[in-house]
Amino acid sequence: MEKSMQDSVPTLVSYLISLADINPSWHCKNDVNEKPHLNTFSNLLGHEYSTTKNFEIQRSNNPEKSLFHEMSNPTACGSLKIEYSPAFGRYLVASRDIDAGDVVFREKPLVLAPKAGTGPTCMRCLKFIEDAWEGCDGCGAPVCSSMCPADGHSAEECKIVSRLGLKEKKDISLVKMLNVLLTPLRTLLLMENDVAVAEILAALQSNKEVRRNLHIGHYIEEHIVATLQKSLEIDVKSDVVHHICGVFDTNAFEISVDDCSRGRALFPLGAIMNHSCLPNTQHWFRDGLLIVRAVKDIMAGESITNTYTPMLLGTRARAAHLAATKLFRCACKRCIDPMELGSHVSSISCRSCKNNEGFMVPPEDNLNEWRCRECGNRMPGVAVDTMIRAASSTRSRVPLHDLEALRITSDHLKMMLGKRHYITLEIRYALLNAIMKQPLRDIKDEDLNTAVEISGQLLEMASFIDPGFSRFRGLLLLSRIQASTEQLMRNCDKGSLCNGILHKPEVGKIKKEEDKEKETIEMHEMTPRQKAQMLLREAAECEFILQYDPKMEEALTATNRLRSFLNDS
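Residues numbered from 1 in each chain as written. Predicted model: local features only at pLDDT ≥ 70, side-chain atom pairs only at ≥ 80, totals over all residues. Heavy atoms only, no water.

Caption draft 1: Structural detail: the pairing of strand E2 (residues 89-94). Burial of E2 is extensive: six of the six residues sit out of reach of the surface. A loop of three residues connects strand E1 (residues 80-85) with E2, the two strands running antiparallel in sequence. (Buried < 20%, exposed > 50% of the residue type's maximum accessible area, 1.4 Å probe, protein only. Helix = DSSP H or I, 4+ residues; strand = E, 2+ residues; numbered from the N terminus. Pairing = 2+ DSSP bridges.)

Caption draft 2: Quick look at the sheet that holds strand E14 (residues 359-361). A sheet is described by the order of its strands in space; here four strands give the open sequence E13-E14-E15-E16, paired in antiparallel fashion. The sheet terminates laterally at strand E13 (348-349) and strand E16 (378-379), the two strands that pair on one side only.

Caption draft 3: Fine view of the sheet that holds strand E10 (residues 281-286). Pairing in this open sheet of three strands is antiparallel, and the strands run E3-E11-E10 from one edge to the other. The open sheet has two edge strands, strand E3 (103-107) and E10, and neither has a second partner. Sheet twist, expressed as the mean angle between neighbouring strand axes with direction ignored, is 20°. Inspection of the sheet shows E3 paired to strand E11 (residues 289-294) by four bridges, in the antiparallel sense. Within E11, the residue paired with valine 103 across the bridge is arginine 293. (Axes fitted to C-alpha atoms, helices over the stretch in contact; angles between N-to-C directions.)

Caption draft 4: Geometry of the environment of arginine 212. Note that arginine 212 resides in the loop between helix H6 (208-211) and helix H7 (215-231). Along the primary structure arginine 212 and aspartate 239 are separated by 27 residues, whereas in three dimensions their C-alpha atoms are 9.8 Å apart. Among all residues touching arginine 212, those that are not within four sequence positions of it are Gly217, His218, Glu221, Ser238, Asp239 and His242. In this structure the side chain of arginine 212 is engaged in a polar contact, spanning 3.5 Å, whose partner is the side chain of aspartate 239. (Contact = heavy atoms within 4.5 Å. Polar contact = N/O pair within 3.5 Å; in protein donor to acceptor, adjacent residues only side chain to side chain.)

Caption draft 5: Expanded view of the pairing of E1. Taken together, the six bridges between E1 and E2 define a ladder with antiparallel strand orientation. When the bridges of E2 are listed, tyrosine 84 appears paired with arginine 90.

Caption draft 6: Focus on the pattern of salt bridges. Summed over the entire model, instances satisfying the criterion amount to 25 salt bridges. With its nearest N and O atoms 3.1 Å apart, the salt bridge here joins arginine 318 to glutamate 340. Of the two residues, arginine 318 sits in helix H10 (residues 315-325) while glutamate 340 sits in the loop between H10 and E13, which places them 22 residues apart along the sequence. Accessibility expressed as a relative area gives 0% for glutamate 340, which makes it buried. A salt bridge links arginine 473 to glutamate 541, with the nearest nitrogen and oxygen atoms 3.0 Å apart. Within this pair, whereas arginine 473 is found in helix H15 (residues 471-493), its partner glutamate 541 is found in helix H16 (residues 528-545), the two being separated by 68 residues in sequence. You'll find arginine 473 and glutamate 541 in the same group, each marked buried. (Salt bridge = Lys/Arg side-chain N within 4 Å of Asp/Glu carboxyl O.)

Interpretation note: all reported values are geometric properties and have no functional meaning in isolation.
This is the structure in structure tokens:
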């Protein structure tokens, strides 16, 4: 079923052109011959089908030109073009300069389904159902309410799902299996109803041949293929199911519709963005669309990149994640630098250096010695690896809602690995989130200090490994603004003069990106009013970053609190 990467480029180009209607700034135009306006992927693809029974795609004799070149110029559709190389396969490239903060493209999901293996999830809107769930009148599958307005559960799907027997028995194990089956089932139904969908699925990478011999391949064969064929009575070939599952596992995005509705979706254009551990875009799912924005300036000819790994992970942890889930190895500039662009998030503190300011940097081979680049101190690789494994195990056991446990573990890991190691940073980020989940009025003064300190430290780390208008920076700015504003208001409530001197907090220097240049702001000898004005500038940046994010409402509230403070002081 899967096409070669080079042969699939024309299909992907046609799909790119079809997105012009939801990307009005692209201005993709027909040629001078005034061809019919083909504004959907199905119509574009159907226009190029032969009239033969096999519906074979007609290919251009010139591999450098798309077979769709008569309808539009595929190398200048908006800000994007699709290129192919033997090294990278198909990938998106900027066809013009893109400014930081610009929307690069918007895209509707081709297929949307619950996350595999989760508990009761509404078949219509993907809302996770924590309490007792209602059953669909037709098939008995979970729905959040009989009045749910979403249309994610079709009559055809309902008829097939009824064969599982959920109407007779509300079995949680059947519900979890249903969530596994829904992705291939919904895709199969879509392919059956729209031949163009089958073509775009064939154009996406699945790694199915490699996966067949892995545990995931055996699971698909024994549980998904067998259940679809026998229990749901669907006439489908095993090879097709393996390809669909591989396409989703390789390319799908996890999405959050709101605070309680989550799933995964397939966005074909989003799927061909190259991976980088230092990406130049970030994405949000809002109002039914994937919105991809530039977090930094992107030059014409530069690859459009996304990341498949959590930003705070160290290089070896990211490599393990990519090898297990995406079956490739990253060689971006962050991955090839043992110091991770100066962040040292994979390094451990050198205990032989004064004030632990030196760093033991990871060797190329994990079994080799780790060496401090300041004093030359060495440690056996096996010993460091054992220490990191122990730290990771400790972190994984800490309840994310237990402030005291998070504090103790944070201090312990800071002593064990150093303040910059990614495992320490992860637990400190968890501590920050636990503090800021409380109502602001209930947070203790010392916890507000901790929140300001941690957000400042992580913002400094983000300047190395997640710079620009990234969501991570936006969330950290929000936490710092909220905590700092609460501090200002408490100080004034206690009778402090709002025009008095505010002492330098533990954070020290706060690094901030404004007008595309970093400037360092000294916090000592700053009046509360001056600090509020500085925070208001940060709030503007925070709002800009989070404008498509569920946290935007909190950002607006934080801005309004600062303005009220300035008006009253």
